[in-house]
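A look at the structure
Next come the chains, spelled out residue by residue.
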Amino acid sequence: MYAVGIDVSKGKSTVAIITTEGEVIEKPFEINHDQEGIDILLSKISNYDKNEIKFLMEATGHYHMPILNSLIKNDYFVCVENALVIKKYCDMDLRKAKTDKKDALKIAMYCSEKWFKLRKHKEEDEIRNELQFLSRQYSEHVKTQTNLKIQLTNLIDKTFPGIKKIVDEENRYMLLLDIYEKYSYPSLVIEKNKEDFINDIDEMAKKYRHKVGKTIGINLYEKAPTIITSCPYNESLQLSINSCILLLRQILKVTNDIISKMDELASQLEEYDAVSNMGGVGRKTRARLIGEIGDIRKYKNANCLIACCGIDTPPYQSGTFNASNRHITKRGNKHLRRVGYEVVKSIKSSRPQKDNAVYLFILKKESEGKNKMVAKIAGLNKFLRIYYARVKEIYSN
């Protein structure tokens, strides 16, 4: 039997082939992530029975995907192992020399030693792949959105402090953008007729079906003369404001479009209705949650799902010592951990839910003296167990 270790890099990989007895069949060689490189690799193993070959590679974001997909397409056994597991294995050597060739050999040795414990990589179905991809794109866009919101807040503090509180930006953010774009400085408000200004704000509000346009207009007009700005109004300042608002509008539209597309895809899956009916799960978290968790059948039990999220607390015991206060590992899917925390925050901040087990569990942990953050993480643990049970039941029927 033959173990093939692949050390993956950006655009290329180093491959080593050994027998399960440790004999080197093929010294480490490099292949590019293109058809020519795949053909070279396949030619090296063409004389061996496919059932006697196992490939092992690290999970390296998306770098390993071209070679992984090609091997699966050719019906080979491929295992994609956690990069930290491989690193720990490689670090066991006393002399820590590191080159791509040595790493490929060590990966092949790991494949040989763990031959019967390796798990074959299974492709998620197309819908789940799309959901996960869009979820990661959404996360990246949200980072940009947050930076732009901070930039806009800094501009507002310099030119029109207090406008956010009057407009109530949490519920009327798009209206805030429209108003601030046109009236970014108190002098622009004061020089306008009061009645015309109020009617203008009211028209802006009606566009978003807000009925408080006149009230906002009156409050802004009364507030404007009392404001002291920290910088003079000029064309450069207005250019910065306009560009920031333009980018914010675009990124808000993009994130909304991504959520809509994800929801459309997720609605085709069997667990969609069950997840939708779970407390705390809303439009922005439903599809992302399904996408990041993936097919529930790939988890042996709820503990595996919790470990995947990175909120497990493994035991630590040695001799008579037994640690009782352990931190979560954070070795898992950070995107799942983020969306899960959003769900738990939503549960905790909503009205009291006497029938919500997660909400009651968080309150119980807080009553025991746990920190609010710790209580929420415990609540997320409870939520994932409920999620696993409900969705597993759907696929068991």
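Structure shown above.
Residues numbered from 1 in each chain as written. Predicted model: local features only at pLDDT ≥ 70, side-chain atom pairs only at ≥ 80, totals over all residues. Heavy atoms only, no water.

**Digging into the overall build of the protein**
When you go through the protein residue by residue, the secondary structure sums to 17 helices and seven strands. A compact globule built from 397 residues would reach a C-alpha radius of gyration of about 21 Å, whereas the protein, at 28 Å, exceeds it by more than 25%. The C-alpha extent of the protein, read off along each of the three principal axes, is 90 × 50 × 45 Å. Looking at the 397 residues of the protein, the share that counts as buried comes to 42%. Taken as a whole, the protein presents about 22,600 Å² of accessible surface, with 49% of it coming from carbon and sulfur. Taking the 66 positively charged and 52 negatively charged side chains of the protein as two groups, their mean positions are separated by 7 Å. (Helix = DSSP H or I, 4+ residues; strand = E, 2+ residues; numbered from the N terminus. Rg over C-alpha atoms; globule rule 2.2 N^0.38 Å. Buried < 20%, exposed > 50% of the residue type's maximum accessible area, 1.4 Å probe, protein only. Areas by Shrake-Rupley, 256 points an atom, 1.4 Å probe, with all protein chains shown as cover. Lys, Arg positive; Asp, Glu negative; His and termini not counted. Charge placed at Lys NZ, Arg CZ, Asp CG, Glu CD.)

**Observations concerning the packing of aromatic side chains**
As enumerated under the stated definition, the model contains six aromatic pairs in all. For the pair Phe55 and Tyr76, a centre-to-centre distance of 5.3 Å together with 75° between the ring planes defines the contact as edge-to-face. Taken together, the residues span a long stretch of sequence, with Phe55 in strand S4 (residues 53-58) and Tyr76 in the loop between helix H2 (65-73) and strand S5 (77-81) at a distance of 21 residues. Under the relative-accessibility criterion, Tyr76 is labelled buried at 7%. The interplanar angle of 75° and the centroid separation of 4.8 Å between the aromatic rings of Tyr183 and Phe197 together place this pair among those described as edge-to-face. Taken as a pair, Tyr183 in the loop between helix H7 (173-182) and helix H8 (186-190) and Phe197 in helix H9 (residues 194-207) lie far apart in primary sequence, 14 residues in all. For the pair Tyr183 and Phe197, one class covers both residues: buried. Cation over ring: Lys50 sits above Tyr76, and NZ or CZ is 5.2 Å from the ring centre. The lysine or arginine in question, Lys149, covers the ring of Tyr173, its NZ or CZ lying 4.7 Å from the ring centre. (Phe/Tyr/Trp six-rings, centres within 6.5 Å; stacked < 30°, edge-to-face > 60°. Lys NZ or Arg CZ within 6 Å of the ring centre and 35° of its normal.)

**So, the packing of helix H3 (residues 83-90) against helix H4 (residues 100-113)**
Here H3 crosses H4 at 100°, and the two axes come no closer than 10 Å. It follows from the interaxial angle that H3 and H4 lie roughly perpendicular. For the pair formed by H3 and H4, the contact residues are Val85, Ile86, Tyr89 and Cys90 on the first element and Lys106, Ile107, Met109, Tyr110 and Glu113 on the second. A class-by-class count of the residues in the contact of H3 with H4 yields seven nonpolar, no polar and two charged. (Axes fitted to C-alpha atoms, helices over the stretch in contact; angles between N-to-C directions. Parallel < 35°, antiparallel > 145°, perpendicular 65-115°, else oblique. Contact = heavy atoms within 4.5 Å. Nonpolar A, V, L, I, M, F, W, Y, C, P; charged D, E, K, R; others polar.)

**Topic: the pattern of salt bridges**
Under the criterion given, the structure shown has 18 salt bridges. Asp178 is the salt-bridge partner of Arg249, the closest N and O atoms lying 2.5 Å from each other. Of this pair, Arg249 sits in helix H11 (residues 235-266) while Asp178 sits in helix H7; the two residues are 71 residues apart in sequence, bridging distant segments of the chain. Overall, the relative accessible area of 24% leaves Arg249 in the partly exposed class. The buried category is assigned to Asp178, whose relative accessible area is 8%. Ionic pairing is found between Lys206 and Asp202, a salt bridge with its closest N-O pair at 3.6 Å. Of the two residues, Lys206 and Asp202 are both situated in helix H9; the distance of four residues between them amounts to about one turn of the helix. (Salt bridge = Lys/Arg side-chain N within 4 Å of Asp/Glu carboxyl O.)

**Digging into the pairing of strand S2 (residues 12-19)**
Most of S2 sits inside the fold, with seven of its eight residues counted as buried. Where strand S1 (residues 2-8) and S2 come together, seven bridges link them in antiparallel fashion. When the sheet's bridge partners are listed, Tyr2 is paired in S2 with Thr19. Hairpin geometry of S1 and S2 is characterised by an intervening segment of three residues between the two adjacent antiparallel strands and by a positive phi of about 85° at Gly11. Looking at chain direction, S2 and strand S3 (residues 24-32) are connected through six bridges and run antiparallel. Counted as the bridge partner of Lys12 is Asn32 from S3. As consecutive antiparallel partners, S2 and S3 are separated by four residues, and within that stretch Gly22 has a phi angle of approximately 100°, a positive value. (Pairing = 2+ DSSP bridges.)

**Section: helix H14 (residues 302-309)**
Those residues of H14 that sit buried are Ala302, Leu305, Ile306 and Cys309. Down the axis of H14, the buried side of the element spans an arc of 100°, and every buried residue falls inside it. Contacts from the buried residues of H14 go to helix H13 (283-293), helix H15 (334-349) and helix H17 (372-396). Two or three places before Asn303, at the opening of H14, Asn301 has a side-chain oxygen 3.1 Å from that residue's backbone nitrogen. (Arc of directions from axis to C-beta. Polar contact = N/O pair within 3.5 Å; in protein donor to acceptor, adjacent residues only side chain to side chain.)

**Let's talk about the state of the cysteines**
On inspection of all chains with the given rule, the structure shows zero disulfides. Residue Cys79 stays outside any disulfide, its sulfur separated by 7.5 Å from that of Cys111, the closest cysteine. With no disulfide of its own, Cys244 has Cys231 as its nearest cysteine by sulfur position, at a separation of 14 Å. (Disulfide = S-S within 2.5 Å.)

Nothing here speaks to function; it is geometry throughout.
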